[in-house]
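Listed here are the chains, written in short residue letters.
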Amino acid sequence: MQSNSSMRTPLGRVRGLGSAKSGTGHFWLQRLTAVANLILTVIFVFIVVALVGKPYPAAIALLSHPLVAILMLLFILSACIHMRLGMQVIIEDYVHEEGMKILAVMANTFFAIAVGAASVYAVLKLSFGG
Amino acid sequence: MSVAHRVTGTGLYLGTVLIAAWLVAAASGPAAFDTAQWIAGSILGRLVLFLYSFSLMHHMVGGLRHFVWDMGKGYEPQTRMAMAKFTLVISAALTILIWVVVLATR
C-alpha cells in the first residue's frame, strides 16, 4: 500500500507518468489523430488518384483549390502528430539505453516537424505563391 | 499482426519523405514536378507506390481493430483471428480497388 503523504492527489501523481512520460495525453492524442486520419486518409487517396496522369497546370489547379489545400494541411498535421507518437512508442519499446532513447525520441520529433513543415510550405506555396 | 501494424506504420513514416518531396516538387515548378512524376511512374516508383498504398490501407483497417480493443472488446482468440483475416482481406481489396481506378483513369 503506497502512502499518500505528499500534497499531490493520486490523480495528479499519475498524470505525467507512463512510458511516454506524458501519461494519458499521449494515448488520447494517438486515438484522436487516428480517427482524424481515418477520414483524411480516404480523402487523401481520392486526391492522389484524381491527380494521376494530370498535366502540371491541371495538377496545380487541383492542389491549390482551397478545399483540397485545407484538407491536405489537416492531413499533414494529423498524420505528422500520429506518426511521431507511434514511432515514439516503438523507440521506447526497443531502445533501452537511456541516452540513445532520448536522442532517438528527439530525432523522431525533428523528423516529424521537418516533414510536416516542408509539406505545409509546399501546399501553401501552391495556394498563394503560384 | 501487432508487428504488422508497426511495420506498416514505420513504412508509412519513412514514406512521408517521398510525399513531402513530391509536394515540394509540385511547388517548385513544372520541371521538378515532371521529374517527380517520371520517378513515380517508373517501375521502381510504381512498386514503392503499390507497397505504400497497401501499407496505408493495412494500417488504416488494422487501426480499426485498435478502436475495438480500446472499447474493451474483441480480445477472444477467435475474434482476434477473425479481425486479423478481415484486416488482410479488406486492405488487399481496397489496395486493388485503388489500383484498378488508377490504371483505368491513367
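All values reported here derive from a predicted model rather than from experimental measurement.

Caption draft 1: Representation of the interface of chain B and chain A. Chain B puts 28 residues into the contact, and the matching count from chain A is 35 residues. Buried surface at the junction of chain B and chain A, both sides included, amounts to about 2,700 Å², of which 77% is carbon and sulfur. Together, Arg 6, Tyr 13 and Leu 23 of chain B form the three largest contributors to the area buried by chain B at its contact with chain A, with a combined 25%. Inspection of the chain B/chain A interface yields two salt bridges. Across the pair Asp 93 of chain A and Arg 6 of chain B runs a salt bridge whose closest N-O atoms are separated by 2.6 Å. Secondary structure elements with two or more residues in the side of chain B that touches chain A: helix H1 (2–28), helix H2 (30–41), helix H3 (43–70) and helix H4 (77–105) of chain B. Looking at the side of chain B that touches chain A element by element, the count peaks at 12 residues for H1 of chain B. Its residues assigned to classes, the side of chain B that touches chain A shows 19 nonpolar, six polar and three charged.

Caption draft 2: Molecular detail of the UniProt feature "transmembrane region" (unreviewed entry) in chain A. The sites that carry the UniProt feature "transmembrane region" (unreviewed entry) are, in the present numbering, residues 32–52, 58–81 and 102–124 of chain A. Segment residues 58–81 of chain A splits into 92% helix and 0% strand. End C-alpha atoms: 30 Å apart.

Caption draft 3: Inspection of the nonpolar core at higher detail. Core analysis: the largest hydrophobic core is formed by 35 residues, its most contacted members being Leu 63 and Met 72 of chain A together with Trp 22 and Leu 23 of chain B. The set of elements that each furnish at least two residues to this core consists of helix H2 (23–51), helix H3 (56–63), helix H4 (66–94) and helix H5 (98–129) of chain A together with H1 and H2 of chain B.

Caption draft 4: Region of interest: a nonpolar patch on the surface. A cluster of nonpolar residues, Leu 18, Leu 44, Leu 47, Val 48, Phe 50 and Leu 51 of chain B, forms a patch on the protein surface that exposes about 570 Å² of accessible area. At five residues, H3 of chain B tops the list of elements feeding residues into the nonpolar patch.

Caption draft 5: Spatial organisation of the side chain of Gln 30 of chain A. When you line up the elements, Gln 30 of chain A lands in helix H2. Setting aside residues no more than four positions away along its own chain, Gln 30 of chain A makes contact with His 82, Leu 85 and Gly 86 of chain A.

Caption draft 6: Looking closely at the pattern of salt bridges. The tally for this structure, following the rule as stated, stands at two salt bridges over all chains. Among the salt bridges present, the one from Arg 31 of chain A reaches Asp 70 of chain B, with a minimum N-O distance of 2.6 Å. Pair noted here: Arg 31 of chain A is in helix H2 and Asp 70 of chain B is in helix H3, and the two residues belong to different chains. With relative accessibility at 21%, the residue Arg 31 of chain A sits in the partly exposed group.

Caption draft 7: Layout of the packing of aromatic side chains. Per the stated rule, a full pass over the model turns up five aromatic pairs over all chains. Between the aromatic rings of Phe 44 of chain A and Phe 75 of chain A, the centroid separation amounts to 4.6 Å while the plane-to-plane angle is 25 degrees, which identifies the pairing as stacked. Here the residue Phe 44 of chain A occupies a position in helix H2, and Phe 75 of chain A occupies one in helix H4, the gap between them amounting to 31 residues. A single burial state applies to Phe 44 of chain A and to Phe 75 of chain A, both of which are buried. Taken together, Tyr 56 of chain A together with Trp 22 and Phe 33 of chain B form an aromatic cluster joined through their ring pairs.

Rules used in this analysis
- Residues numbered from 1 in each chain as written.
- Chains lettered and ligands numbered in written order.
- Predicted model: local features only at pLDDT ≥ 70, side-chain atom pairs only at ≥ 80, totals over all residues.
- Heavy atoms only, no water.
- Contact = heavy atoms within 4.5 Å.
- Buried area = accessible area lost by both parts, 1.4 Å probe.
- Salt bridge = Lys/Arg side-chain N within 4 Å of Asp/Glu carboxyl O.
- Helix = DSSP H or I, 4+ residues; strand = E, 2+ residues; numbered from the N terminus.
- Nonpolar A, V, L, I, M, F, W, Y, C, P; charged D, E, K, R; others polar.
- UniProt positions renumbered as here; feature names shortened; annotations may be inferred.
- Core = buried A, V, L, I, M, F, W, Y, C linked by side-chain atoms within 4.5 Å.
- Buried < 20%, exposed > 50% of the residue type's maximum accessible area, 1.4 Å probe, protein only.
- Patch = residues over 30% accessible without salt bridge, like charges linked within 9 Å, V, L, I, M, F, W, Y side chains within 5 Å.
- Areas by Shrake-Rupley, 256 points an atom, 1.4 Å probe, with all protein chains shown as cover.
- Phe/Tyr/Trp six-rings, centres within 6.5 Å; stacked < 30°, edge-to-face > 60°.

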